[in-house]
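Residue-level structure breakdown
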There are 2 protein chains.
Amino acid sequence: MSDTRSLRVALLGAGTVGGHVARLLLEHHDELAARAGVSIDLVGIAVRDVNAKRAVDLPAELFTTDAETLIQGADIVVELIGGIEPAKSYILAAIGSGADVVTGNKALLAEHGAEIFAAAARVGAEVYYEAAVAAAIPIIRPLRDSLAGDHVERILAIVNGSTNYILDRMDRFGDSMEDAQRVALELGYLEADPTLDVEGYDAAQKAAILAGLAFHTSVPAAGVHREGISSITLEDVESAREAGYVIKLLAIAERVVDDAGLEGVSARVHPALVRRDHPLASVHGGNNAVFVEAEAAGPLMFYGAGAGGVQTASAVLGDVVSIARRHLAGGVGVGESVAADLPVHPIGAAETRYRISLEVDDRPGVLAELAGILASRGVSVETLQQSASTPADGEADRATATLVIGTHTARDAALAAAVDALSASDAVESVRSVLRIEGA
Amino acid sequence: MSDTRSLRVALLGAGTVGGHVARLLLEHHDELAARAGVSIDLVGIAVRDVNAKRAVDLPAELFTTDAETLIQGADIVVELIGGIEPAKSYILAAIGSGADVVTGNKALLAEHGAEIFAAAARVGAEVYYEAAVAAAIPIIRPLRDSLAGDHVERILAIVNGSTNYILDRMDRFGDSMEDAQRVALELGYLEADPTLDVEGYDAAQKAAILAGLAFHTSVPAAGVHREGISSITLEDVESAREAGYVIKLLAIAERVVDDAGLEGVSARVHPALVRRDHPLASVHGGNNAVFVEAEAAGPLMFYGAGAGGVQTASAVLGDVVSIARRHLAGGVGVGESVAADLPVHPIGAAETRYRISLEVDDRPGVLAELAGILASRGVSVETLQQSASTPADGEADRATATLVIGTHTARDAALAAAVDALSASDAVESVRSVLRIEGA
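The rules behind these values
- Residues numbered from 1 in each chain as written.
- Chains lettered and ligands numbered in written order.
- Predicted model: local features only at pLDDT ≥ 70, side-chain atom pairs only at ≥ 80, totals over all residues.
- Heavy atoms only, no water.
- UniProt positions renumbered as here; feature names shortened; annotations may be inferred.
- Pairing = 2+ DSSP bridges.
- Helix = DSSP H or I, 4+ residues; strand = E, 2+ residues; numbered from the N terminus.
- Contact = heavy atoms within 4.5 Å.
- Axes fitted to C-alpha atoms, helices over the stretch in contact; angles between N-to-C directions.
- Buried < 20%, exposed > 50% of the residue type's maximum accessible area, 1.4 Å probe, protein only.
- Expected span 1.5 Å × (residues − 1).
- Salt bridge = Lys/Arg side-chain N within 4 Å of Asp/Glu carboxyl O.
- Parallel < 35°, antiparallel > 145°, perpendicular 65-115°, else oblique.
- Left-handed = near helix turned anticlockwise from the far one by under 90°.
- Domains from an automatic or database assignment.
- Buried area = accessible area lost by both parts, 1.4 Å probe.
- Polar contact = N/O pair within 3.5 Å; in protein donor to acceptor, adjacent residues only side chain to side chain.
- Nonpolar A, V, L, I, M, F, W, Y, C, P; charged D, E, K, R; others polar.

Named according to an unreviewed UniProt entry, chain A is Homoserine dehydrogenase originating from Labedella phragmitis. We quote the UniProt Cofactor (unreviewed entry) comment for chain A here in full: "a metal cation".

Set out below in structure tokens:
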């Protein structure tokens, strides 16, 4: 560590977030120094190409391609490159040289968080990562510190702005999935390759981080069950609306006791029906929100912009100032608590409710037959709604009906088995949609 | 400090919050120790009467009336007595003996926070107070740490659950103010003496704390402009609804540049019209929410229960565990940042919009006359709505109309002067209501 009245910050990466971090560190230098009690000095920015065009205008002399040397002289290393390598090596090098680390790298933390936190704990360094989940919304610190004495029961979170934008357009403007995706792409809510967002990979990484924090456990991204939104149709959205629900892509982390009585964590990402009067239902556009249910605190919600360079830079700067204050105070980092070390249960152990939409034969005895199939799998029916179907082309002579079944809470494994059995039944023409209901 | 593997916690007060803090410290002892990395041991509870009946059953041997001795042997003192004395003396004694302090005492912090924080800073002790504002909702730590690198522009907060419950009943169930207060009293949302809540004193203390934190400035409670909700009528609520607003009692803290060009802080509590599509509009019942607008982060909202013994205990425990981790890490407290040291401007310097409802003579020339009065005070009219009035008893021969004026943004001083001038005009029979519009 250098003189305690001046801290040297090395920035790795100068993309949309990094550019704003650099700009704010320079523009607000004196104000930040006054708040932190120590001068926070940006000493360099490591990039692949010093001549690349950048959205934010920054002094040319700060740029370097030599990340290793920059890291060696720093008190605080801010990693905003993203991806696994070279980000991981740089962070480990920073920790090894005695620096604290700020990162917004959700992919890296979800995959190698345990290794990085362990390396930091060995030398008393801190790794802060408020920017990794829900951009500027303070959620890491509230979970790690504010709720440190409470017992988190469940987190339901909208952590992917792109998919929330798409689903919100379908719900509010009646767009088809295809149209909503096209608009999202045009407006920059979606990347040219939408897979990471649309198929839930991004949300799954954040779910892993939230689950780990909330339950003091190491949850690898591979332990997160993942379903994206690409199968959601406008018909699903409209049918949900008629029943008083809105469809959201949720990242869920909750305590689950499995059939063997073993307490564990369920971490999953999937589209879900959320009641219209739930606070998450009013999260529109590209916004994010993290809804937390804790034993003592009760329900809490944290809401704000879920993306954006300058918004995410706010979270990074908060971490930088917090680390600067810690340097001033002395002492070492205490690292992440994984004291509970709970097992991560598969999706089958989760307890949820299903809303199943079926196309069935419209003849006597069908309802009893299907109810029997559900009952034999231990699934209890809560609501049942039958309506005449519009026959498909060439099947006008075939009498079918649409049957929508809402179930009571059951193990996801039992529900899935029941849907398989329904699907195999002669009375069922097709399974139109199966959606989980959450937050009720 | 005792052995770093065990921290002695002294609890002062065993009311609704204190009882739950004690219970949770005992029930979750091993879990908290695992998370914090150090045993957190409740060594005693100081109360006035050891034989008093308590809501939570606790071991009799923990109780003592000798707070001074208990404090002397503690590493962490949790003050939940409330009020100014003896709470203040106890906290200063705790700091003097080298202990860290956790408190939920908003009245004390709003009035003597600067003195207490200075005493703590001198010896490197920490004073944590997450429970002082909005119960379990993490807001102190997000403002102090997460947004430490950002520039907060404005806070609009619902921080008094009792008045939110009352106003929400009026809005949703059409209760009169009197009826809503009666129900709030019956259901325990309101104290037998409702003055602290209804007249905005409680919210003003919280506004002082939020303003101080957000703007790195010492804001005394006396610097907070305060208006309660007792003058709000069902007619106001209904008229607001028709215009697309809901009335909320807001605690507001914002940056203001006064007429002399001096940057300062405006801290105020008053009922305000909030647009129905603003996130604060959907905060119902006794819930609290803090809406923060920051330069980089954009709008954020923190939502949850605003009161309750066990909910508030969650915030206290989060502070206790955070302090325990700090003890383990070593280092000293860094205290509150008051680096900006901005002046606190009077309400007149604030910039707001008014919605003014007048009973006026229904004759030619009145509108022009009233518009002239506003213009001469520099107040510009945005909306104007006139409707026939129902004449009061005995005045059926008098032709009057109801005129509702919505203004553009102006200094509060100019708006207040304009209302005075309208009130003095011969054309104005009565000023029916004047409400500020916020968050638009």
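Attention now goes to the sheet that holds strand β4 (residues 76-79) of chain A. Strand pairs in the sheet, formed through backbone hydrogen bonds, run parallel or antiparallel to each other. Residue and element names in this part refer to chain A. Ordered by their spatial adjacency, six strands build an open sheet running β3-β2-β1-β4-β5-β6, and the pairing between neighbours is parallel. If you trace the sheet from one side to the other, it starts and ends with β3 (63-64) and β6 (127-128), each paired once. As paired elements, strand β2 (residues 39-46) and β3 share two bridges and run parallel to each other. Among the inter-strand pairings, A46 is bridged to a residue of β3, identified as T64. Lying over the sheet, helix α4 (residues 87-96) contacts β1 (6-12), β4, β5 (100-103) and β6, oriented at roughly 150° with respect to β5.

Residue and element names in this part refer to chain B. Read across the open sheet, the six strands follow the order β3-β2-β1-β4-β5-β6; overall the sheet is parallel. Lying at the two open borders of the sheet, with one neighbouring strand each, are β3 (63-64) and β6 (127-128). Set on the sheet, helix α12 (residues 309-329) makes contact with β1 (6-12), β2 (39-46), β4 (76-79), β5 (100-103) and β6; between it and β5 the angle comes to about 165°.

Now for the UniProt feature "binding site: NADP(+)" (unreviewed entry) in chain A. Residues and elements named next belong to chain A. The sites that UniProt annotates as "binding site: NADP(+)" (unreviewed entry) are L12, G13, A14, G15, T16, V17, G18 and G19. For G15, the position within the fold is in the loop between β1 and α1 (16-27). Counting through the fold element by element, G18 comes out in helix α1. Taking the relative accessible area as the measure of exposure, G18 reaches 2% and is therefore buried. Sequence-distant contacts of G18, that is, excluding residues within four places in its chain, are made with L11, G13 and L80.

Residues and elements named next belong to chain B. Of note, A281 is situated in the loop between β10 (263-275) and β11 (287-294). A281 gets classed as buried once you look at its relative accessible area, which sits at 9%. Excluding residues within four positions of it along the chain, A281 makes contact with V246, K248, V274, R275 and R276.

Moving on to helix α1 (residues 16-27) of chain B. The end-to-end C-alpha separation of α1(B) is 17 Å, in line with the 16 Å expected for 12 residues at 1.5 Å each. Structurally, α1(B) contributes buried residues whose contacts are with β1, α2 (29-36), β2 and α12 of chain B.

The next subject is the pattern of salt bridges. Residue and element names in this part refer to chain A. Overall, the coordinates contain 60 salt bridges over all chains when judged by the stated rule. Between R276 and D171 there is a salt bridge, with the nearest N and O atoms lying 2.7 Å from each other. On the criterion of sequence distance, the pair formed by R276 in the loop between β10 (263-275) and β11 (287-294) and D171 in helix α7 (residues 161-173) is long-range, its members being 105 residues apart. Assessed through its relative accessible area of 36%, R276 is described here as partly exposed.

With that out of the way, let us pick up the packing of α1(B) against α12(B). All names here are of chain B. One can describe the packing of α1 onto α12 by two numbers: an axis separation of 8 Å at closest approach and a directional angle of 55°. Taken together, α1 and α12 sit at an angle that is classed as oblique. Classified by chirality, the crossing of α12 by α1 is right-handed. Listed contacts from α12 to T16, V17, H20, V21, R23, L24 and L25 of α1 are G309, V310, T312, A313, V316, L317 and V320.

Residues and elements named next belong to chain A. If you check the domain split of chain A, you get domain 1 (6-136 + 310-329), domain 2 (144-305) and domain 3 (350-437). Put simply, the middle of domain 2 and the middle of domain 3, counted by C-alpha atoms, are 25 Å apart. At the interface, 21 residues of domain 2 touch 11 residues of domain 3. When domain 2 packs against domain 3, close to 1,200 Å² is buried across both sides, 48% of that on carbon and sulfur atoms. Of all residues in domain 2, D236, Y245 and L273 give up the largest surface area on contact with domain 3, accounting jointly for 33% of the area buried on that side. E227 is paired through a salt bridge with R436; the nearest N and O atoms lie 3.0 Å apart. Summed over the shared surface of domain 2 and domain 3, the result is eight residue pairs in polar contact (both at pLDDT 80 or more). Contributions of two or more residues to the side of domain 2 that touches domain 3 are made by α11 (234-242), β9 (245-257) and β10. No other element matches the six residues that β10 contributes to the side of domain 2 that touches domain 3. Taken together, the residues of the side of domain 2 that touches domain 3 sort by class into 10 nonpolar, four polar and seven charged.

All names here are of chain A. UniProt records the feature "binding site: L-homoserine" (unreviewed entry) for E191 in the present numbering. Tracing the chain through its elements places E191 in the loop between α8 (177-186) and α9 (195-198). The class for E191 is exposed, based on a relative accessible area of 54%.

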